[in-house]
Amino acid sequence: MPRTTVYEAVTQRLEILDLDGQVDAELMPELDPNRIIEFYRNMVLMRAFDNKALKLQRQGRMGTWPPIQGQEAIQVATAMAMEESDWLIPAFREQAVMVLRGIPGHVIYAYWAGDERGSAFPDGVRCFPIAVPVGSQWQHGAGVGLSLKLRGEQAAAVVFGGDGSTSEGDFHEGVNAAGVFKTNTVFVIQNNQWAISVPLSKQTASETLAQKAHAYGVPGIQVDGNDIFAVHVAVTEALERARAGGGPTLIEAETYRLGDHTTADDASRYRSEEEVEQWRVKDPIPRLRKYLEANGLWDDEREKSLEDEAREWVDAQVEALEAMPPQPPEAIFEYMYDEMPPHLEEQMAALKAEVEG
Ligand SMILES: Cc1ncc(C[n+]2csc(CCOP(=O)(O)OP(=O)(O)O)c2C)c(N)n1
Ligand SMILES: [Mg+2]
């Protein structure tokens, strides 16, 4: 019997905006200039939101914080391509998508300040809680996508995760199930090259993460995740496919975590400054600014007024966070169940007695 090729696959990578702010005219999507300015504005606001949280943590006003510096393009483009009817299933480094979906900034701050009210999202915002167990959210993404399909909703489930989480079984189970059931799911991997101190090279022997989609019969694509136009195109295509019942897509967005893993980490202990510098020049924000300036859409005056807006908005989030009335200690029991089970009632009573002395 001859040996025959039973399967061959190609994985594509999409890049539109180069480091000098020039675009590939053939690949550039039709976008209203105001929308492109909005891309930029949101990235700047989200970076300011992030920087402030780091300062609050150093001042003892925040528990911990997972910075997104360098990853803003993926989050802003995805949030802006989503409709209200789509669901977001975040991991733990998606605060920009969450804010842009309608969760107030101070609520996200509250979560990382250790306050249970940080998981109480406004009614109608279709967003799952933050998932800290690495990878668990991938299967939720498949499940929500299946549910939307069964209900006949023209909506998508957008689930995020990091490069490290693709080594968890949950990732493979999630993408596999989504492929089998053709769920309305968009899987977005934020490949920021590191899982705390573990580099991508220790995570997988695959050339790309996008190619893993082939094994599950799902379309996969790699994009330059620091190129907001490329992310916009890939996510929009995937959302349209999912909403129309055309099945899931896996997007690997290549980026870099310019900051530490969290405020409890010191990345200089495991990676070189040269590596960080190599990625700093690919920073999505100055890159888009160069495009805007070259096209007469931006100048120093606009930048200054955006900086003022960002500062004011971020300060308002901090004020709202710190104006939240403190919670009584027994609040730690109150959010898990609609009706508190007897063993928790007992523990709560014991704590109350202890506190009241
Ligand atoms: C199941 C599980 N194992 C380990 C951890 C500790 N942990 C938290 S984040 C993280 C690395 C995640 O890396 P990646 O998926 O690349 O996401 P990134 O932090 O880079 O955004 C680890 C190991 C955890 N939260 N859950
Ligand atoms: Mg990572």
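Residues numbered from 1 in each chain as written. Chains lettered and ligands numbered in written order. Predicted model: local features only at pLDDT ≥ 70, side-chain atom pairs only at ≥ 80, totals over all residues.

Draft legend 1. The overall build of the protein, seen in detail. A tally of regular secondary structure across the protein gives 11 helices and 8 strands. Rg of the C-alpha trace for the protein: 21 Å, near the compact-globule value of 21 Å for 357 residues, within the 12% margin. Expressed along its principal axes, the backbone C-alpha trace of the protein runs to roughly 80 × 65 × 45 Å. Across the 357 residues that make up the protein, the buried fraction comes to 41%. The contacts of the protein with a sequence gap of at least 6 include a subset with a gap of at least 24, amounting to 75%. (Helix = DSSP H or I, 4+ residues; strand = E, 2+ residues; numbered from the N terminus. Rg over C-alpha atoms; globule rule 2.2 N^0.38 Å. Buried ≥ 20, exposed ≤ 12 C-beta atoms within 10 Å, placed from the backbone. Contact = placed C-beta atoms within 7 Å.)

Draft legend 2. Broad picture of the nonpolar core. Grouped together as the largest cluster of nonpolar side chains are 81 residues, with contacts concentrated most on Val158, Val186, Val188, Val231 and Ile251. Once residues within four sequence positions are removed from consideration, isoleucine 251 is found in contact with Val186, Phe187, Val188, Ile189, Ile221, Val223, Ala234, Val235 and Ala238. (Core = buried A, V, L, I, M, F, W, Y, C linked by C-beta atoms within 7 Å.)

Draft legend 3. A look at the site of ligand 1. The local shell around ligand 1 holds 16 residues, among which Val134, Gly162, Gly164, Ser165 and Ala195 are the closest. Contributing elements (two or more residues each) for the shell around ligand 1: strand E3 (157–162) and strand E5 (194–195). For the shell around ligand 1, a count of residues per class yields 6 nonpolar, 7 polar and 3 charged. (Near = placed C-beta within 6 Å. Nonpolar A, V, L, I, M, F, W, Y, C, P; charged D, E, K, R; others polar.)

Draft legend 4. Spotlight on helix H4 (residues 105–112). Of all 8 residues in H4, 8 are buried, a share of seventy percent or more. Taken together, the buried positions of H4 are occupied by Gly105, His106, Val107, Ile108, Tyr109, Ala110, Tyr111 and Trp112. In this structure, the buried side of H4 is in contact with helix H1 (33–58), helix H3 (95–101) and helix H10 (300–322). Immediately downstream of H4, the backbone of glycine 114 shows phi near 85°, a positive value.

Draft legend 5. Highlighting the sheet that holds strand E8 (residues 249–254). With parallel pairing, 6 strands are arranged side by side in an open sheet as E1-E7-E8-E4-E3-E2. Looking along the sheet, the strands with just one partner apiece sit at the ends: strand E1 (12–14) and strand E2 (87–89). Direction aside, neighbouring strands of the sheet carry axes that sit 25° apart on average. (Pairing = 2+ DSSP bridges. Axes fitted to C-alpha atoms, helices over the stretch in contact; angles between N-to-C directions.)

Draft legend 6. Highlighting the domain arrangement of the protein. When its domains are assigned, the protein resolves into domain 1 (12–326) and domain 2 (329–357). Between the C-alpha centres of domain 1 and domain 2 the distance comes to 36 Å. (Domains from an automatic or database assignment.)

Draft legend 7. Broad picture of helix H9 (residues 284–294). Listed as buried for H9 are Pro284, Arg287, Leu288 and Tyr291. The buried residues of H9 occupy an angular sector of 90° when projected down its axis, which confines them to one face. Positive phi shows up at glycine 296, right after H9, with a value of about 65°. (Arc of directions from axis to C-beta.)

Draft legend 8. Region of the structure containing the pairing of E3. Most of E3 is tucked away: 6 of the 6 residues are buried. What you see with E3 is no split at all: Ala157, Val159 and Gly161 on one side and Val158, Phe160 and Gly162 on the other are buried throughout. Bridge count between E2 and E3: 3 bridges; the pairing is parallel. Counterpart to isoleucine 89 in the pairing with E3 is valine 159. With 6 bridges connecting them, E3 and strand E4 (residues 185–191) associate as parallel partners. By the bridge assignment for E4, valine 159 is matched with phenylalanine 187. In the classification by handedness, the crossover that spans E3, the intervening helix H6 (residues 169–181) and the parallel E4 is right-handed. (Right-handed = clockwise from strand over helix to strand, strands pointing away.)

Draft legend 9. Structural detail: the pairing of E4. Extensive coverage of E4 is indicated by the burial of 7 of its 7 residues. With burial as the criterion, each face of E4 is covered, one bearing Thr185, Phe187, Ile189 and Asn191 and the other bearing Val186, Val188 and Gln190. Where E4 meets E8, 6 bridges bridge the pair, whose relative direction is parallel. Each residue of the ladder has a partner; that of asparagine 191, found in E8, is glutamate 254.

Draft legend 10. Quick peek at unusual backbone geometry. Of note, glutamine 193 is a non-glycine position whose phi angle comes to about 75°, a positive value. Mapping glutamine 193 onto the fold places it in the loop between E4 and E5. Judged by the 19 C-beta atoms lying within 10 Å of it, glutamine 193 falls in the partly exposed class. Positive phi values are uncommon outside glycine, yet isoleucine 196 reaches one of about 50°. Along the chain, isoleucine 196 turns up in the loop between E5 and strand E6 (198–199).

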